[in-house]
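# Architecture and fold: a report
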Amino acid sequence: MPRIAESRILIMATDGFEQAELEEPLTELRARGAQVDVASPGGAPITGWKNRNWGATHEATKALSDVRVGEYDALVLPGGQMNPDSLRVAPEAVRLVRGFVAEGRIVAAICHGPWLLVEAGVVEGREMTSCRSIRTDLENAGAIWVDAAVVVTNGIVTSRAAQDLGAFVATIAEEIEEGRHRREVA
């Protein structure tokens, strides 16, 4: 079983990610000893969204096309409206989400991030949470939506919003410590 200090984690994002939802997991997971990469389409720098305006720009360490699922213990999907909405129409991003789920690796999505889980077809029958504005999307895709700070179903971690980041990051670390999960993928 991997320990958090020996783990490799991928954060997948593009322009318009919610600033805190990328930065806090990146900082906190690295502080726990994890190696954390940020992947974007084409490996380009990405700009966040903060307080209803553009935020800081982050360098990507990888292009989505260079990511190999087997190199990572977990995938983190920050929210923001623009970020997951752009990624869910990118075939490479959807393929990666499916791959992480199929291999039993930890997948963690916050706020609007679960849109990628819907697009990947991996929510049916699973308890999940998200920001309220995509609740219906999750339910229409077959998820059982729960209003909680963090919901875990067999290694898939979902969270509502930035105010829940402390619990979200702590749960990611706990799930990594547990190791890979066996699960069904459609």
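Structure first, text after, so check above.
Please read these numbers as outputs of a predicted model, since none were measured by experiment.

Before going further, it helps to examine the sheet that holds strand S4 (residues 46-50). The strand order across the open sheet built from 3 strands is S2-S4-S5, with neighbouring strands paired in mixed fashion. Looking at which strands have only one partner, the edges of the open sheet turn out to be strand S2 (17-18) and strand S5 (53-58). Across 4 bridges, S4 lies against S5 in antiparallel orientation. Bridge pairing in S5 places Ile46 opposite His58.

The strand order across the open sheet formed by 7 strands is S6-S3-S1-S7-S8-S12-S11, and the pairing between neighbours is mixed. In this open sheet, the two strands that pair with only one neighbour each are strand S6 (62-63) and strand S11 (150-153). Looking at chain direction, strand S3 (residues 35-40) and S6 are connected through 2 bridges and run parallel. Counterpart to Ser40 in the pairing with S6 is Ala63.

The next subject is unusual backbone geometry. The residue Arg52 is not glycine, and still its phi comes out positive at about 65°. Position of Arg52 relative to the elements: it lies in the loop between S4 and S5. For Cys111, which is not glycine, the phi torsion reads 65° and is therefore positive. In this fold, Cys111 is placed in the loop between strand S8 (106-110) and helix H4 (114-119). With relative accessibility at 10%, the residue Cys111 sits in the buried group.

The next subject is helix H6 (residues 165-178). The terminal C-alpha atoms of H6, which comprises 14 residues, lie 20 Å apart, in line with the 20 Å expected from a rise of 1.5 Å per residue. Inspection of H6 places Leu165, Phe168, Val169, Thr171, Ile172, Ala173, Glu175 and Ile176 among the buried residues, and these make up the whole buried set. The inward-facing, buried residues of H6 contact strand S1 (8-12), helix H1 (19-31), strand S7 (74-77), S8, S11 and strand S12 (156-159).

Structurally, the position occupied by Glu175 is in helix H6. Filtering out sequence-adjacent residues up to four positions away, Glu175 remains in contact with Ile106, Val152, Gly155, Val157 and His181.

Analysis parameters
Residues numbered from 1 in each chain as written. Predicted model: local features only at pLDDT ≥ 70, side-chain atom pairs only at ≥ 80, totals over all residues. Heavy atoms only, no water. Pairing = 2+ DSSP bridges. Helix = DSSP H or I, 4+ residues; strand = E, 2+ residues; numbered from the N terminus. Buried < 20%, exposed > 50% of the residue type's maximum accessible area, 1.4 Å probe, protein only. Expected span 1.5 Å × (residues − 1). Contact = heavy atoms within 4.5 Å.

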